[in-house]
Amino acid sequence: MYTDITGVILSGGKSSRMGTDKALLKLGDESIIERMTKLMKSIFNEVFIVTNTPNDYRFLSVPLYEDIYEHKGPLSGIHSGLVHSSKNKNFFISCDLPLVSVELIKYIIEFKSDKPVRYSFAASRHHYLAGIYHKELLPEIERIFASVTNSSEKKDQHFSIRNLLKNIESETIQIENLSFYNDELFFNLNTQKDFEHLKRILSHQ
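Computed from a prediction, not measured in an experiment: that's the story for all the values here.

Some words on helix α7 (residues 192-203)
Stage number 1. Along its twelve residues, α7 runs 17 Å from first to last C-alpha, staying within 8% of the 16 Å computed at 1.5 Å per residue.
Stage number 2. Taken as a whole, α7 has its buried residues at D194, F195, L198, I201 and L202. Take α7 and look down its axis: the buried residues cluster within an arc of 115°, on one side only. The outward face of α7, more than 90 degrees from its buried face, is lined by the exposed residues K193 and S203.

With respect to the nonpolar core
Stage number 1. F44, F91, I93, I105, I109, I175 and L198 are the most contacted members of the largest nonpolar core, which has 44 residues in total.
Stage number 2. Looking at this core, the elements that each hand over two or more residues are β1 (2-10), α1 (32-41), β4 (44-50), β6 (89-94), α3 (102-110), β8 (125-134) and α7.
Stage number 3. Element by element, the count of residues in this core is highest for α1, at five residues.
Stage number 4. Once residues within four sequence positions are removed from consideration, I175 is found in contact with L104, Y107, S120, F121, A122, F180, Y181, L185 and F186.

Concerning helix α2 (residues 74-84)
Stage number 1. By the criterion of burial, α2 is predominantly enclosed, with eight of the eleven residues buried.
Stage number 2. Burial in α2 covers these residues: L75, S76, G77, I78, H79, S80, G81 and L82.

Some words on the pairing of β8
Stage number 1. The element β8 is largely enclosed, with a buried count of eight among its ten residues.
Stage number 2. Note that β6 and β8 share five bridges and pair antiparallel. Its bridge partner lying in β8, K89 is registered against H134.

Points about the sheet that holds strand β7 (residues 117-122)
Stage number 1. Spatially, the seven strands line up as an open sheet ordered β5-β4-β1-β6-β8-β7-β9, and their pairing is mixed. For this open sheet the edge positions go to β5 (64-65) and β9 (171-174), each flanked by a neighbour on one side alone.
Stage number 2. Strand direction decides the pairing type here: β4 and β5, joined by two bridges, are parallel. Pairing of I49 across the sheet is with L64, part of β5.

As for the side chain of N163
Stage number 1. Within the secondary structure layout, N163 lies in helix α6 (residues 161-165).
Stage number 2. Setting aside residues no more than four positions away along its own chain, N163 makes contact with I144, Q157 and H158.

Structural notes on the pattern of salt bridges
Stage number 1. Scanning all chains against the criterion turns up seven salt bridges.
Stage number 2. Between E140 and R143 there is a salt bridge, and its shortest N-O distance comes to 2.7 Å. Of this pair, E140 and R143 are both found in helix α4 (residues 138-146), three residues apart, which corresponds to roughly one turn of the helix.
Stage number 3. Residue classification places E140 among the buried residues on the basis of a relative accessible area of 18%.
Stage number 4. Take R143: its relative accessible area is 43%, and that puts it in the partly exposed class.

Comments concerning the environment of A122
Stage number 1. Tracing the chain through its elements places A122 in strand β7.
Stage number 2. Taking the relative accessible area as the measure of exposure, A122 reaches 1% and is therefore buried.
Stage number 3. Taking the C-alpha atoms as reference points, A122 and E30, separated by 92 residues in sequence, lie 28 Å from one another.
Stage number 4. Residues in contact with A122, not counting those within four places in the same chain, are H127, I175, E176, Y181 and F186.

The rules we used
Residues numbered from 1 in each chain as written. Predicted model: local features only at pLDDT ≥ 70, side-chain atom pairs only at ≥ 80, totals over all residues. Heavy atoms only, no water. Helix = DSSP H or I, 4+ residues; strand = E, 2+ residues; numbered from the N terminus. Expected span 1.5 Å × (residues − 1). Buried < 20%, exposed > 50% of the residue type's maximum accessible area, 1.4 Å probe, protein only. Arc of directions from axis to C-beta. Core = buried A, V, L, I, M, F, W, Y, C linked by side-chain atoms within 4.5 Å. Contact = heavy atoms within 4.5 Å. Pairing = 2+ DSSP bridges. Salt bridge = Lys/Arg side-chain N within 4 Å of Asp/Glu carboxyl O.

Here's what the structure looks like:
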């Protein structure tokens, strides 16, 4: 149990492709958000959820916070998480990643780095929403939110985690060669077809 790191679950997506809030979909007797909350509470002493629909999550026994800056994508969720956390170090996980494991989370936490961001890299993809973010990032995130986008730059690109990482040091952690890695570890839940596939995966575990 980590007492010096806060566990933050991001559940602020609109789930437009799913047609319903994916975090509330049931896997057996539990919803996805219940499973992820249980996972995070087994690792971190302090856990909370950042969501723009807090009334839908009142049944969970964790604090709920909304985005302070709305309509600015996942970076808004990270910002809110850092503002409301009582710790400098914070592990963020998106509810879009329901198969992330305890082993992965602990590996990222224990990975030796003094950089304010460290996140996973696997299958040629950067997984920004499974990583550590330090509270000291707040001024840089707020600078991005306050700045005006260039005419050639789309708003979602400007208010992105990738844009944040252009201006700060970060640690990319290679995951694929580790013993606990499997191809479904970063399975991303977006559509009803994805959900059916997720149920098939879990039925064989």
